[in-house]
Amino acid sequence: MQGLNNKKIIFVGGKGGVGKSTSSAALAMAFANAGYKTLIVSTDPAHNLGDIFHKQVKHEKTKLANDLYGIEVDPHKESKRYIQGVKENLQGLVHSRMVEEVHRQIDMASASPGADEAALFDRLISIILEEAASFDKIIFDTAPTGHTIRLLTLPELMSVWIDGMLEKRKKINDNYTQLLNDGEPVDDPIYEILQKRKEKFTAVREIILDGEKTGFIFVLIPERLPILETKQAIKQLDSHDLHIETLIVNKVLPAHADGEFLAKRRKQELDYLTQIEDIFSQKQLVRVPLFEEDVSDLDKLQRFADHLQYLMKEESP
Ligand SMILES: Nc1ncnc2c1ncn2[C@@H]1O[C@H](COP(=O)(O)OP(=O)(O)OP(=O)(O)O)[C@@H](O)[C@H]1O
Ligand SMILES: [Mg+2]
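The shown structure was predicted, so the numbers you read here are calculated from the model rather than taken from an experiment.

Caption draft 1: Representation of the overall build of the protein chain. Helices and strands together make up the secondary structure of the protein chain, namely 10 helices and 8 strands. Expressed as a percentage of its 317 residues, the buried residues of the protein chain come to 44%. Residue pairs in contact within the protein chain that sit at least 24 positions apart in sequence constitute 76% of those at least 6 positions apart. When the 41 positive and 50 negative side-chain charges of the protein chain are each reduced to one mean point, those points stand 2 Å apart.

Caption draft 2: Layout of the site of ligand 1. Around ligand 1, 20 residues are found, and the nearest of them are Lys-20, Ser-21, Thr-22, Asp-44 and Val-295. Measuring from an oxygen atom of ligand 1, one finds a backbone N or O atom of Val-18 at 3.2 Å. Pro-289 is positioned with one of its backbone polar atoms (N or O) 2.9 Å from a nitrogen atom of ligand 1. Alone, ligand 1 offers 630 Å² of accessible surface; in the complex the protein occludes 83% of this. The cavity where ligand 1 resides is the second largest pocket. A breakdown of the residues in the shell around ligand 1 according to their chemical character gives 7 nonpolar, 7 polar and 6 charged.

Caption draft 3: The layout of surface pockets, seen in detail. Empty space within the largest pocket amounts to approximately 1300 Å³. Taken together, 37 residues line the largest pocket, and the ones lying closest to its centre are Tyr-82, Val-86, Asn-89, Ile-193 and Arg-197. When contributions to the lining of the largest pocket are tallied by element, the ones reaching two or more residues are helix H3 (75-90), helix H4 (96-110), helix H5 (115-131), helix H6 (145-180) and helix H7 (189-209). There is about 430 Å³ of room inside the second largest pocket. When contributions to the lining of the second largest pocket are tallied by element, the ones reaching two or more residues are helix H1 (20-33), helix H2 (49-53) and strand S7 (244-252). Ranked by the residues each element gives to the lining of the second largest pocket, the list is headed by H1, at 3 residues. Partitioned by chemical class, the residues of the lining of the second largest pocket number 7 nonpolar, 7 polar and 7 charged.

Caption draft 4: Seen up close, the packing of H3 against H5. Orientation of H3 relative to H5, taken along the N-to-C sense of each, is 80 degrees, at an axis distance of 8 Å. By the criterion of interaxial angle, the relationship of H3 to H5 is roughly perpendicular. Residues Pro-75, His-76, Glu-78, Ser-79 and Tyr-82 of H3 form the contact with H5, whose participating residues are Ala-115, Asp-116, Ala-119, Leu-120, Asp-122 and Arg-123. For the contact of H3 with H5, the class distribution of residues is 5 nonpolar, 2 polar and 4 charged.

Caption draft 5: Representation of the environment of Phe-218. Mapping Phe-218 onto the fold places it in strand S6 (residues 214-220). For the pair Phe-218 and Ser-23, spaced 195 residues apart in sequence, the C-alpha separation works out to 9.7 Å.

Caption draft 6: Spatial organisation of the packing of H5 against H7. With their axes 10 Å apart at the nearest point, H5 and H7 run at an angle of 65 degrees to one another. Taken together, the axes of H5 and H7 lie roughly perpendicular to each other. Our pair here, H5 against H7, has a crossing hand that is left-handed. Seen from H5, the contacting residues are Phe-121, Asp-122, Ile-125, Ser-126, Ile-128 and Leu-129; seen from H7, they are Arg-197, Lys-200, Phe-201, Ala-203, Val-204, Ile-207 and Ile-208. Residues belonging to the contact of H5 with H7 are distributed by class as follows: 9 nonpolar, 1 polar and 3 charged.

Caption draft 7: Expanded view of the pairing of S6. With 7 of its 7 residues buried, S6 lies for the most part within the structure. In this structure, strand S1 (residues 9-14) lies alongside S6, joined through 6 bridges in parallel fashion. Note on S6: the bridge partner recorded for Phe-11 is Phe-216. Relative to S7, S6 runs parallel, the two being bridged by 5 bridges. Opposite Ile-217, over in S7, you have Thr-246 as the bridge partner.

Caption draft 8: Molecular detail of helix H10 (residues 298-306). Of all the positions in H10, only Lys-300, Leu-301, Phe-304 and Ala-305 are classed as buried. Relative to the axis of H10, the buried residues are bounded by an arc of 145 degrees and lie together on one face. Contact partners of the buried residues in H10: H1, H2, S7 and strand S8 (284-289).

Caption draft 9: Here's a closer look at the pattern of salt bridges. Using the criterion set out here, one finds 14 salt bridges in the structure. In this structure, Arg-197 and Asp-122 form a salt bridge, with 3.0 Å as the shortest nitrogen-oxygen distance. Here the residue Arg-197 occupies a position in helix H7, and Asp-122 occupies one in helix H5, the gap between them amounting to 75 residues. Connected via shared salt-bridge partners are Glu-78, Arg-81 and Arg-123.

Cut-offs applied
Residues numbered from 1 in each chain as written. Chains lettered and ligands numbered in written order. Predicted model: local features only at pLDDT ≥ 70, side-chain atom pairs only at ≥ 80, totals over all residues. Heavy atoms only, no water. Helix = DSSP H or I, 4+ residues; strand = E, 2+ residues; numbered from the N terminus. Buried < 20%, exposed > 50% of the residue type's maximum accessible area, 1.4 Å probe, protein only. Contact = heavy atoms within 4.5 Å. Lys, Arg positive; Asp, Glu negative; His and termini not counted. Charge placed at Lys NZ, Arg CZ, Asp CG, Glu CD. Near = heavy atom within 4 Å. Polar contact = N/O pair within 3.5 Å; in protein donor to acceptor, adjacent residues only side chain to side chain. Areas by Shrake-Rupley, 256 points an atom, 1.4 Å probe, with all protein chains shown as cover. 1 Å grid on protein atoms, 1.4 Å probe; cavity = no way out; pocket = protein on both sides within 12 Å on 5 of 7 lines; lining within 4 Å. Sits in = over half its atoms within 2 Å of the grid points. Nonpolar A, V, L, I, M, F, W, Y, C, P; charged D, E, K, R; others polar. Points joined across faces, edges and corners; volume = space filled by probe spheres on them. Axes fitted to C-alpha atoms, helices over the stretch in contact; angles between N-to-C directions. Parallel < 35°, antiparallel > 145°, perpendicular 65-115°, else oblique. Left-handed = near helix turned anticlockwise from the far one by under 90°. Pairing = 2+ DSSP bridges. Arc of directions from axis to C-beta. Salt bridge = Lys/Arg side-chain N within 4 Å of Asp/Glu carboxyl O.

Rendered as structure tokens:
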């Protein structure tokens, strides 16, 4: 199996609270320390990169350390910016009489479910396409499972949707051409905008489907529901040709944790750890122990990262 070292883009997913942000931050820090120019992107509405690095991470690229940059994307603000962009894009394309009505419709669309997600997705695409050339590693700290899967499968869905739109547009255009222009083709800026979007989606899809460039990590903890959810996520992503190769098994009780209570928990945990080894035997598994405290500063993050060193080897067994 290829190590993560060879991949440029890494998505980190998993159930809520299992340690996605911590794992992403630790990996990012480790890569930066190893001399890779690294960008960490948080797409999670509940942000916490800033908490981990004790720096305010902004909507635009923010320097966090040597060779390490971060971006926090706020889906709601992104959606507002996006709508503004759509309005600007349409300027000059619709008749001035219609502008108000079109804006009203766009505002309504922007309040509909999925709008923030669509905007977030657009930003994600831009980040991949624009930053890939200037970074060695781009790590995406994503929102909990369902969200991530939707996000990752959107290029596929959107391409189909845009294809439909393009076809409709073309028909309308052909009719216009016949009617108005004596058969001379007319320019259709909306067609061109759609076509450009489609090209972007296709480009991103190619990148995320390319196992040489993009890797998927899932974080889970040794408990029943995260195991089930991980199984489900692997299956779902596989069906879209996106393959999770690496699992970080986080918050494993350390051997030195003592007491009767913990002994009991450890017994149950052992059962789950065995299940994990069985069910995910084809995956690269890395265990990270539960620490006494939250991973809330750079020293602790370094301790966490020490457990991930194995992932960064050129070739992993
Ligand atoms: N191995 C560990 N030992 C102790 N605390 C940990 C460990 N891993 C993560 N934590 C702590 O658990 C909490 C949740 O971790 P984190 O924020 O990384 O999870 P997440 O999966 O990103 O959560 P969310 O789904 O809310 O984004 C944090 O307070 C973090 O410091
Ligand atoms: Mg998080």
